[in-house]
Amino acid sequence: MLSITHFAIEGMEKGCITDQPRPRFSFALESDIPDTSFVSGSLEINGYSQPIDNPIDFVYGGPALAPFSIYQADVVILDNHATKAEAHLRFETGRLATPWQGQWISDA
């Protein structure tokens, strides 16, 4: 049986808040069938789907992510035995490129 043992964004599997406009994803596979290898896959976020050709540090290439938002990423993988595995994770975006203003707080 093919399974995805790790699915991460920016190296984190849970609790990720990223300010990367094009975050990196990675995954690890495990199978009990000898000589199993990754053949193809896809990443989907908010209806945008992209092919995956490398399980390590593939970059999201879809529409710009909104600041201060929660997203779900879904990955579907096929191996050389036509077995499918899926994994899901949630992540949040931080400020991204949102401008901010501030004032120095000082002692009178």
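Structure: above.
Attention in this report is confined to the structure presented alongside it. This structure is a prediction, so every number in the text was calculated from the model and none was measured.

Points about the nonpolar core
It is characteristic of soluble globular proteins that their nonpolar side chains tend to be buried jointly. With 21 residues, the main nonpolar core has Phe-7, Phe-25, Leu-43 and Phe-91 as its most contacted residues. Of all the elements in the fold, those that place two or more residues in this core are β1 (2-9), β3 (24-31), β4 (38-45), β7 (70-79) and β8 (84-93).

A few points about the sheet that holds strand β6 (residues 58-59)
Pairing is antiparallel across the open sheet formed by 3 strands, whose spatial order is β1-β3-β6. Only two strands of the sheet have a single partner each, and these edge strands are β1 and β6. The pairing of β1 with β3 spans 7 bridges and is antiparallel. What sits directly across from Leu-2, in β3, is Ser-31.

Considerations on the environment of Leu-65
With respect to the element layout, Leu-65 can be found in the loop between β6 and β7. With 43 residues separating them along the chain, Leu-65 and Arg-22 place their C-alpha atoms 8.1 Å apart.

Structural notes on the pairing of β8
Of the two faces of β8, only the one carrying Ala-85, Ala-87, Leu-89, Phe-91 and Thr-93 is buried; Lys-84, Glu-86, His-88, Arg-90 and Glu-92 on the other face are not. The sheet contact formed by strand β2 (residues 17-18) and β8 spans 2 bridges and is parallel. By the bridge assignment for β8, Thr-18 is matched with Thr-93. Judged from the 9 bridges that link them, β7 and β8 form a sheet pairing that is antiparallel. What sits directly across from Val-76, in β8, is Glu-86. Counting the residues that bridge the hairpin from β7 to β8 gives 4 residues, and of these Ala-82 lies at a positive phi of roughly 65 degrees.

A closer look at the pattern of salt bridges
According to the stated counting rule, one finds 3 salt bridges in the structure shown. Residues Asp-57 and Arg-24 are paired through a salt bridge, measuring 3.4 Å at the closest nitrogen-oxygen approach. You can see Asp-57 sitting in the loop between β5 (48-52) and β6 and its partner Arg-24 sitting in strand β3, a full 33 residues away along the chain. Accessibility expressed as a relative area gives 41% for Asp-57, which makes it partly exposed. Judged by relative accessible area, which is 36%, Arg-24 ranks as partly exposed. Between Lys-84 and Glu-86 there is a salt bridge, with its nearest N and O atoms 3.6 Å apart. Beyond isolated ion pairs, a larger network of salt bridges with shared partners links Glu-10, Arg-24 and Asp-57.

Calculation rules
Throughout this description, residue numbers start from 1 for each chain and increase along the sequence as written. Note on the predicted model: pLDDT of at least 70 is required for a residue's local features to be given, and 80 or more for side-chain atom pairs to be given and counted; whole-chain, interface and lining totals, by contrast, use all residues. Computation of side-chain values covers all heavy atoms of the structure but excludes hydrogens and water. In this description, a nonpolar core means a group of buried Ala, Val, Leu, Ile, Met, Phe, Trp, Tyr and Cys residues linked to one another through side-chain atoms lying within 4.5 Å. Partly exposed residues are those whose accessible area sits between 20% and 50% of the maximum for their type, while under 20% is buried and over 50% is exposed, using a 1.4 Å probe and protein chains only. Strands here are runs of E lasting at least two residues and helices are runs of H or I lasting at least four, both read from the DSSP assignment and numbered beginning at the N terminus. For two strands to count as paired, DSSP must find a minimum of two bridges between them. Here, a salt bridge means any side-chain nitrogen of Lys or Arg that lies within 4 Å of a carboxyl oxygen of Asp or Glu.

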